[in-house]
Amino acid sequence: MSLEIKVNPDAVNSLVEKARNVPNKRIDLAIKKLDDLEDTLSSWKGEGKSAHDDVCADLKSSFADAKNLMNGILAAFDKAIDDFSDLDEEISSKFEKAVNHYISN
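Residues numbered from 1 in each chain as written. Predicted model: local features only at pLDDT ≥ 70, side-chain atom pairs only at ≥ 80, totals over all residues. Heavy atoms only, no water.

## Brief notes about the pattern of salt bridges
Cut-off, in case you're wondering: In what follows, salt bridge is the name for a side-chain nitrogen of Lys or Arg lying within 4 Å of a carboxyl oxygen of Asp or Glu. In DSSP terms, a helix is any run of H or I states spanning at least four residues, a strand is any run of E spanning at least two, and both are numbered starting from the N terminus. Residue burial is assigned from relative accessible area. The probe radius is 1.4 Å, only protein chains are included, and a residue is buried under 20% of its type maximum, exposed over 50%, and partly exposed in between.
For the coordinates displayed, the defined rule picks out nine salt bridges. Here Asp28 ties to Lys67 by a salt bridge, and the two come within 2.6 Å at their closest N and O atoms. One end of the pair, Asp28, is in helix H2 (residues 21-40); the other, Lys67, is in helix H3 (residues 47-104), and 39 residues separate them in sequence. The closest approach of N and O atoms between Asp83 and Lys79, which form a salt bridge, is 3.0 Å. With Asp83 and Lys79 both in helix H3, this residue pair falls four residues apart, about one helical turn. Look at Asp83 and you get partly exposed, because its relative accessible area is 37%. One network of salt bridges, in which partners are shared, links Glu17, Arg20 and Asp78.

## Details of the packing of helix H1 (residues 9-19) against H2
When two helices pack together, you describe them by how their axes are tilted relative to each other and by the distance separating the axes. Under the convention used in this document: Here an axis means a line fitted to C-alpha atoms, over the contact stretch when the element is a helix, while the angle between two N-to-C directions is reported on a 0 to 180 degree scale. Angular relationships are summarised with four words: roughly parallel below 35 degrees, roughly antiparallel beyond 145, roughly perpendicular across 65 to 115, and oblique for the angles in between. Two residues form a contact once any of their heavy atoms are found within 4.5 Å. Charged means Asp, Glu, Lys or Arg here, nonpolar means Ala, Val, Leu, Ile, Met, Phe, Trp, Tyr, Cys or Pro, and polar covers whatever is left, Gly included.
For the pair H1 and H2, interaxial distance at closest approach is 6 Å and the crossing angle is 15°. The angle between H1 and H2 falls in the class roughly parallel. Mapping the contact onto sequence places Glu17, Lys18 and Ala19 in H1 and Asn21, Val22 and Pro23 in H2. Partitioned by chemical class, the residues of the contact of H1 with H2 number three nonpolar, one polar and two charged.

## Side note on the side chain of His52
Looking at the secondary structure, you find His52 in helix H3. Sequence-distant contacts of His52, that is, excluding residues within four places in its chain, are made with Leu37, Glu38, Leu41 and Trp44.

## Overview of the packing of H1 against H3
What counts, and what does not: By convention, the crossing between two helices is left-handed when the near helix turns anticlockwise from the far helix through less than a right angle, and right-handed when the turn is clockwise.
Two elements in contact, H1 and H3, have axes separated by 10 Å at closest approach and are oriented at 165°. When the interaxial angle is binned, H1 and H3 end up roughly antiparallel. Regarding H1 and H3, the two cross each other, and that crossing is left-handed. Taken together, the residues of H3 that come into contact with H1 (itself represented by Pro9, Val12, Asn13, Val16 and Ala19) are Leu74, Phe77, Asp78, Ile81, Phe84 and Ser85. For the contact of H1 with H3, the residue count by class is eight nonpolar, two polar and one charged.

## A look at H2
Spelled out, the test is: Expected helix span is computed as 1.5 Å times (number of residues minus one).
With 20 residues, H2 extends 27 Å between its outermost C-alpha atoms, agreeing within 8% with the 28 Å of an ideal straight helix rising 1.5 Å per residue. All of the buried residues in H2 are Pro23, Ile27, Leu34 and Glu38. Taken together, the buried residues of H2 touch H1 and H3.

## Things to note about the environment of Phe63
Note that Phe63 resides in helix H3. Considering only alpha carbons, one finds Phe63 and Ile31, 32 residues apart in sequence, at a separation of 7.3 Å. Setting aside chain neighbours within four positions, we find Phe63 in contact with Ile27, Ala30, Ile31 and Leu34.

As structure tokens, then:
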């Protein structure tokens, strides 16, 4: 059994592109729905309205933090994909040079 880790940059990139939907679409949609709910409930009066507004503000802040975190993770994935591709090219080049050296001798 070999202790190899095989990474296909294209496969990882495909997964990252799917994951981009979370911060770029789903979190934004959740924030929009929360804004719409706040507009709908704008006629509320009293302490209930104030407490609801406070919770909504906290929730929006949490959504924004989650979005920033996910975008940071996605940026790290992008860098990893680039690093994998660069390493793959380097290994390929070394292998090609070794084969050419072997053939020429």
